[in-house]
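# Architecture and fold: a report
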Amino acid sequence: MTARGRDAAATGPHGRVPVAVLISGRGSNLKALIDAAKAADYPARIALVISNNAAAGGLGFARDAGIPTRVIPHRDFDCREAFDAALDDVLRQAGVSYICLAGFMRLLTPDFVTAWQDRILNIHPALLPAFRGLDTHARALEAGVRFTGCTAHLVRPEMDDGPIIAQAVVPVLPDDDAERLGARVLAAEHRCLPHALALLAGGLIEVRGQRALAHAKPASETYLFNPWLEPDKMA
Ligand code: GAR
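In what follows, the accompanying structure is described. (Residues numbered from 1 in each chain as written. Predicted model: local features only at pLDDT ≥ 70, side-chain atom pairs only at ≥ 80, totals over all residues. Heavy atoms only, no water.)

Consecutive residues of a regular strand have side chains that alternate between opposite faces of the sheet. Covered by surrounding structure in strand 4 (residues 98-101) are Tyr98 and Cys100 together with Ile99 and Leu101, the residues of both alternating faces. Remark: the strand 4/helix 5 (residues 110-115)/strand 5 (residues 120-124) crossover connection has right-handed handedness. (Buried < 20%, exposed > 50% of the residue type's maximum accessible area, 1.4 Å probe, protein only. Helix = DSSP H or I, 4+ residues; strand = E, 2+ residues; numbered from the N terminus. Right-handed = clockwise from strand over helix to strand, strands pointing away.)

The buried fraction of strand 1 (residues 17-23) amounts to 7 of the 7 residues, a majority that puts the element mostly inside the structure. Residue alternation in strand 1 divides its side chains into two sets, Val17, Val19, Val21 and Ile23 and Pro18, Ala20 and Leu22, and both sets are buried. For strand 1 and strand 2 (residues 44-51), the ladder comprises 7 bridges, and the chain directions are parallel. Paired with Val21 across the two strands is Val49, which belongs to strand 2. (Pairing = 2+ DSSP bridges.)

We now examine the state of the cysteines. One pass over the structure, following the stated rule, counts 0 disulfides. For the unlinked cysteine Cys192, the closest cysteine sulfur is that of Cys150, found at 4.0 Å. (Disulfide = S-S within 2.5 Å.)

Under the 1.5 Å per step criterion, the end-to-end length of helix 4 (residues 80-94) is 21 Å for 15 residues, consistent within 8% with the ideal 21 Å. Buried residues of helix 4: Phe83, Asp84, Ala86, Leu87, Asp88, Val90 and Leu91, and no others. Residues of helix 4 that are buried in the fold lie against strand 1, strand 2, strand 3 (69-71), strand 4 and helix 5. With its phi angle positive at about 70°, Gly95 sits one or two positions after the end of helix 4. (Expected span 1.5 Å × (residues − 1). Contact = heavy atoms within 4.5 Å.)

On to the packing of aromatic side chains, then. Considering all chains together, one arrives at 2 aromatic pairs under this definition. For the pair Phe77 and Phe83, a centre-to-centre distance of 5.8 Å together with 80° between the ring planes defines the contact as edge-to-face. Classification of Phe77 by relative accessible area gives partly exposed; the value is 26%. Of note, Arg106 hangs over the ring of Phe83, and the distance from its end group to the ring centre comes to 5.4 Å. We note Arg119 situated over the ring of Tyr98; from NZ or CZ to the ring centre the distance is 5.1 Å. (Phe/Tyr/Trp six-rings, centres within 6.5 Å; stacked < 30°, edge-to-face > 60°. Lys NZ or Arg CZ within 6 Å of the ring centre and 35° of its normal.)

Peptide bonds are trans in most cases, and residues, glycine excluded, mostly fall at negative phi. Between Leu128 and the following residue, Pro129, the backbone shows a cis peptide bond with an omega angle of 10°. Tracing the sequence through the fold places Pro129 in the loop between strand 5 and helix 6 (136-143). The backbone of Asp118 shows a phi angle near 65°, a positive value even though the residue is not glycine. Note that Asp118 resides in the loop between helix 5 and strand 5. Taking the relative accessible area as the measure of exposure, Asp118 reaches 18% and is therefore buried. A positive phi angle, near 55°, is found at Asp135, a position not held by glycine. Examined against the element boundaries, Asp135 turns out to sit in the loop between strand 5 and helix 6. In this structure Asp135 comes out as exposed when scored by relative accessible area, which is 59%.

Next comes the structure, spelled out in structure tokens:
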């Protein structure tokens, strides 16, 4: 069983599944989602953008697109449980079906994650299960890997764990530093996350244990392994 039937009633008058995007900073992945959701056949609509940080630059992308925003400053709460309870209230009042973490730099409590089981999508800037946590690009360079990338996955209580919906691979080039490599990975994230959200919100993902199976044959351009290094665009 996929989530298709379950979400059919939740699409409402807009005919698309309502999703909340959670951010903490720049919001370039949010921007990629906003752009993807402009397509007439995109199955999700971004109903709300929430940030734990009032200064998050990404809030501007939401406002420019006419998407409602909420700031829930984590410093206003004594503990993670209280923050997550407030977050849960806002999400339920907004009536969203899915939560997309797009550079949301807060760990969610196990109770929250369990309450939203298989409904929270995260983008991580490495090929999980390699390089969980922070500073992924510096660590990838130090480890000497030839490829790295990004992972869009369902969230589980353990950090950077959960069924993988999509991954994109990028090469590590000889003159990379963490910034250059990070920019290459970020460009891949901007394709990977909207693709994964479309599968999830479209009701096409079936979770079997640790695996997320997509009930859709990807278009050839969504086979993200071995990406073409366009000669004209190489530095
Ligand atoms: C992205 O690279 C995302 O993968 C990462 O933060 C960046 C946010 O950029 N997320 C994490 O590291 C989560 N552990 P953005 O604000 O421009 O989308």
